[in-house]
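Geometric and topological summary
Here's the letter readout for the chains.
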Amino acid sequence: MAINNDPQPLSDVEVIKTKSRYLRGTIKESLADEVTGALYPDDLQLIKFHGTYMQWDRPSESERRKQKLEPLYSFMIRVRIPAGVLTPAQWLGLDELSSLYGSGTLKLTTRQAVELHGVRKRHLKKAIKGINDTLLDTLAACGDVNRNVMASANPHLSRVHAEAQQVAKAIHTHLSPKTSAYRELWLDVKPAGADHEPIYGETYLPRKFKIALAVPPVNDTDVFANDIGLIAIVEKNELVGFNVAVGGGMSCTFGMPETFARLGSVIGYVPRSQAVNVCEKILLVQRDHGNRSNRKQARVKYTVEKLTVAGFKAEVEKRLGAPLAPARDYKFKTNNDAYGWQQGEDGRWHITLFVEGGRVKDAPGYPLRTGLREIARAHQGSFIVTGNQNVIIAGVSEAAKPALQALLDEHGISAHQQVSGARGSGLACVAMPVCPLAFADGETYLPSLMDKLDPVLAELGLKDVPINIRMTGCPNGCARSPLGEIGFIGRAPGKYNLYLGASHSGDRLSTLYKEMLGEADILAHLRDVLSRFAKDRRQGESFGDFVHRAGIVKA
């Protein structure tokens with residue numbers, strides 16, 4: 001049973017969860033109400049646990065209000081895909097569902113999941129059932145539970161990568177909610193008995209919970225941005241265990257200095273056999289000690305700050321019944337994807353394709369969605385969503401490689417579209433016009449900004465230099481903007497705070513450089529700093545390291 005150690009009253013969401021009957025609420029009645037395209041207010045909180053958020057078309061809101069119409073509501077459905085691995089049939093299934101019920105595109109997320117956007121309430125149940133028919137689901141893709149478990153993107157590269165993916169799947173299964181409400185509401189399966197949540201309890205967690213695994217030297221899951229980060233320790237080509245980091249999180253709230261981005265703190269090492277158990281025990285500490293009064297202070301990072309790192313570690317060890325072993329040596333070099341063809345230990349080939357903003361769509365001269373659909377119809381391996389919003393076509397035999405390359409060529413799809421190193425290292429959240437939290441554009445704006453920045457990079461001889469750029473429409477950090485060597489956080493339409501100096505490997509946060517910049521000022525400031533970088537950088541020095549060494553920003 002969860003413990004509320006805070007003497008303050010429970011937040012409204014905690015009260016809603018308490019009364020929800022294990023996440024049922026009045027969702028069934030909300031879905032049946034044809035008077036509105038929205039759900040009842042309390043159900044808007046509960047529906048997140050089932051993998052969907054309500055959004056609306058914000059540009060049309062004013063005109064619709066004049067016509068005495070409610071906002072044009074729709075729903076985002078997030079599909080939970082541990083380690084991001086899909087079969088070609090599942091890819092085709094999601095692609096078809098997007099055409100039937102959504103916007104006709106797929107959104108690849110920064111947590112290796114897939115989202116369908118623009119689903120109307122009347123289609124919500126059909127879409128979620130269709131997702132389950134592909135043997136995927138949306139349960140716990142959102143909400144105050146453990147969400148999609150990430151792992152270094154390609155389990156086919158080596159045995160170590162495959163073992164890390166197996167651990168991610170085991171954590172995913174162990175920490176999935178056990179409520180029968182999901183199957184009852186969306187699949188019409190009657191409960192077999194009374195509900196019971198042996199790990200979460202009836203009020204679940206104080207806030208969302210995120211876990212990622214990474215295999216050094218590549219930190220492609222941004223492991224320190226998670227509530228739990230598991231860093232693979234490899235000896236003699238064997239995955240022997242994990243260093244454990246706790247308390248990472250990228251979100252904050254403007255005007256509230258008591259909220260902040262934080263990197264995870266490494267508290268020790270566990271053997272591989274204890275990875276699932278240590279994740280459960282860390283989750284239990286958060287369940288029992290997390291803030292259930294103030295949701296803006298309810299993430300694990302604030303619990304770590306309240307208890308101290310040593311105090312949090314002691315709580316974990318108390319539940320483990322043994323101390324954690326000292327952390328072992330490791331080194332990260334990058335958090336980017338490697339585009340193009342790679343060959344795994346088993347001789348099979350894998351190609352990583354750049355997907356700008358994670359949006360799988362057909363654009364003039366670049367029919368990416370159609371091309372991937374045709375590949376999925378012929379491919380015998382797997383599709384993998386990366387933590388950098390890209391896609392890997394994995395497990396291609398030597399014999400099948402020419403045919404797959406021919407399909408890519410036929411649709412004009414290159415591994416990275418000949419983009420600059422900075423564009424190819426960019427992440428962006430959905431933001432405007434549909435996300436209700438956004439102050440500014442994200443995914444819809446970053447490509448046009450890069451169209452103007454790319455000539456500057458080429459002029460300065462930096463076209464092929466990878467520079468991590470992260471853009472979010474608000475400070476909630478969905479695209480991990482505090483980990484951008486160049487980071488943008490939206491403040492108002494067309495205005496962004498500019499941050500500089502995160503490390504290229506994801507182990508140092510960026511620092512605020514300038515506030516409330518429009519496009520002209522963004523380009524002017526970046527030209528100045530990039531010019532200095534081009535002139536004075538050392539051999540192999542990353543942009544983030546340079547701006548610190550040059551004193552442009554301080555940690």
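Throughout what follows, the structure given in this document is the object of discussion. (Residues numbered from 1 in each chain as written. Predicted model: local features only at pLDDT ≥ 70, side-chain atom pairs only at ≥ 80, totals over all residues. Heavy atoms only, no water.)

Along its length, the chain carries 16 helices and 21 strands. Compactness check: the chain gives a C-alpha radius of gyration of 23 Å against a globular reference of 24 Å for 555 residues, within 12% of the reference. Seen along its three principal axes, the alpha-carbon backbone of the chain occupies a region of about 65 × 60 × 55 Å. Looking at the chain as a whole, 59% of its 555 residues qualify as buried. Of the roughly 21800 Å² of accessible surface on the chain, 53% is carried by carbon and sulfur atoms. (Helix = DSSP H or I, 4+ residues; strand = E, 2+ residues; numbered from the N terminus. Rg over C-alpha atoms; globule rule 2.2 N^0.38 Å. Buried < 20%, exposed > 50% of the residue type's maximum accessible area, 1.4 Å probe, protein only. Areas by Shrake-Rupley, 256 points an atom, 1.4 Å probe, with all protein chains shown as cover.)

What follows deals with unusual backbone geometry. Here Pro-216 and Pro-217 are connected by a cis peptide whose omega angle stands at 15°. You can see Pro-217 is positioned in the loop between β6 (211-214) and β7 (228-235). Backbone torsion omega between Met-432 and Pro-433 reads 10°, so that peptide bond is classified as cis. Position of Pro-433 relative to the elements: it lies in the loop between β17 (426-428) and α14 (446-459). One non-glycine residue, Leu-23, lies in the positive phi region at around 80°. Here Leu-23 lies in the loop between α1 (12-18) and α2 (27-32).

Time to look at the pairing of strand β8 (residues 238-246). Counting buried positions along β8 yields 7 of 9 residues, so the element is predominantly enclosed. Pairing of β7 with β8 involves 8 bridges; the strand directions are antiparallel. Note that in β8 the partner of Ile-228 across the bridge is Val-246. The turn linking β7 back onto β8 is made up of 2 residues, and Lys-236 within it adopts a positive phi angle of 55°. (Pairing = 2+ DSSP bridges.)

What the 5 strands build is an open sheet, ordered β17-β18-β19-β20-β21; its pairing is mixed. Each edge of the sheet is formed by a strand with only one pairing partner; in this case those strands are β17 and β21 (511-517). Taken pair by pair, the neighbouring strands of this sheet meet at an average axis angle of 15°, ignoring direction. When strand β19 (residues 486-492) meets strand β20 (residues 495-500), the two strands line up antiparallel, connected through 6 bridges. (Axes fitted to C-alpha atoms, helices over the stretch in contact; angles between N-to-C directions.)

With that settled, consider the environment of Asp-288. As for its position among the elements, Asp-288 is in helix α9 (residues 275-289). Taking C-alpha positions, Asp-288 is 8.9 Å from Pro-206, a pair spaced 82 residues apart along the chain. In this structure the side chain of Asp-288 is engaged in a polar contact, spanning 2.7 Å, whose partner is the side chain of Arg-287. (Polar contact = N/O pair within 3.5 Å; in protein donor to acceptor, adjacent residues only side chain to side chain.)

Attention now goes to the packing of aromatic side chains. By convention here, two paired aromatic rings are described through the distance between centres and the angle between planes. Summed over all chains, the structure comprises 14 aromatic pairs. Seen from their ring centres, Phe-260 and Tyr-302 are 5.1 Å apart, and the 70° between their planes marks the pair as edge-to-face. Note that Phe-260 is positioned in the loop between β8 and β9 (265-271) and Tyr-302 in helix α10 (residues 300-307), a separation of 42 residues in sequence. Connected via pairs of aromatic rings, a cluster forms that spans Phe-49, Tyr-200 and Tyr-204. Above the face of the Tyr-269 ring, Arg-328 is positioned so that its terminal group lies 4.0 Å from the ring centre. (Phe/Tyr/Trp six-rings, centres within 6.5 Å; stacked < 30°, edge-to-face > 60°. Lys NZ or Arg CZ within 6 Å of the ring centre and 35° of its normal.)

In this section: the pairing of strand β16 (residues 391-396). The element β16 is largely enclosed, with a buried count of 6 among its 6 residues. Pairing of strand β11 (residues 349-353) with β16, which is carried by 4 bridges, proceeds in the antiparallel orientation. By the bridge assignment, Trp-349 is partnered in β16 with Val-396. With antiparallel pairing between neighbouring strands as the criterion, strand β15 (residues 382-385) and β16 make up a hairpin whose turn holds 5 residues, including Gln-389 at a positive phi of roughly 70°.

Looking now at empty space enclosed by the protein. The final tally for this structure, using the stated rule, is 2 cavities of 30 Å³ or more. Of the voids in this model, the largest cavity is the one considered here, and its volume is about 70 Å³. Lining the largest cavity, in full, are Phe-354, Glu-356, Gly-357, Arg-423, Gly-426, Leu-427, Ala-428, Glu-443, Leu-446, Pro-447 and Met-450. Elements represented by at least two residues in the lining of the largest cavity include exactly β17 and α14. Tallied by class, residues from the lining of the largest cavity come to 6 nonpolar, 2 polar and 3 charged. Put simply, the second largest cavity is a space of about 40 Å³. In terms of lining residues, the second largest cavity is bounded by Asn-336, Asp-337, Tyr-339, Asn-388, Asn-390, Gly-424, Ser-425, Gly-426 and Leu-427. (1 Å grid on protein atoms, 1.4 Å probe; cavity = no way out; pocket = protein on both sides within 12 Å on 5 of 7 lines; lining within 4 Å. Points joined across faces, edges and corners; volume = space filled by probe spheres on them. Nonpolar A, V, L, I, M, F, W, Y, C, P; charged D, E, K, R; others polar.)

Strand order in the open sheet formed by 5 strands is β1-β2-β5-β4-β12, and the pairing between neighbours is antiparallel. Either end of the sheet is taken by a strand with one partner, and the two such strands are β1 (52-56) and β12 (359-360). Sheet topology note: the strand β4 (residues 106-108)/β12 ladder contains 2 bridges and is antiparallel. Across the sheet, the residue bridging to Lys-107 is Arg-359, located in β12. Across the face of the sheet, helix α6 (residues 121-133) comes into contact with β1, β2 (73-79) and β5 (114-119) while running at roughly 10° to β2. (Contact = heavy atoms within 4.5 Å.)

Following the sequence through the fold, Asn-335 ends up in the loop between α11 (309-320) and β10 (340-343). Along the backbone, Asn-335 and Pro-198 are 137 residues apart, and their C-alpha atoms lie at a distance of 36 Å. With sequence-adjacent residues up to four places away left out, Asn-335 is seen in contact with Asn-219, Asp-220, Asp-222, Asn-388, Asn-468, Arg-470, His-504, Ser-505 and Gly-506. Of the polar contacts made by the side chain of Asn-335, one reaches the side chain of Asp-222; its length is 2.9 Å. Polar side-chain contacts of Asn-335 include one of 2.7 Å to the side chain of Asn-468.

In the structure shown here, the tally under the stated rule is 36 salt bridges. The closest approach of N and O atoms between Asp-288 and Arg-287, which form a salt bridge, is 2.7 Å. Across this residue pair, the class does not change: Asp-288 and Arg-287 are buried. When the shortest N-O distance is used, the salt bridge between Glu-459 and Arg-527 registers 3.0 Å. Placement of the pair is Glu-459 in helix α14 and Arg-527 in helix α15 (residues 519-536), with a sequence separation of 68 residues. (Salt bridge = Lys/Arg side-chain N within 4 Å of Asp/Glu carboxyl O.)

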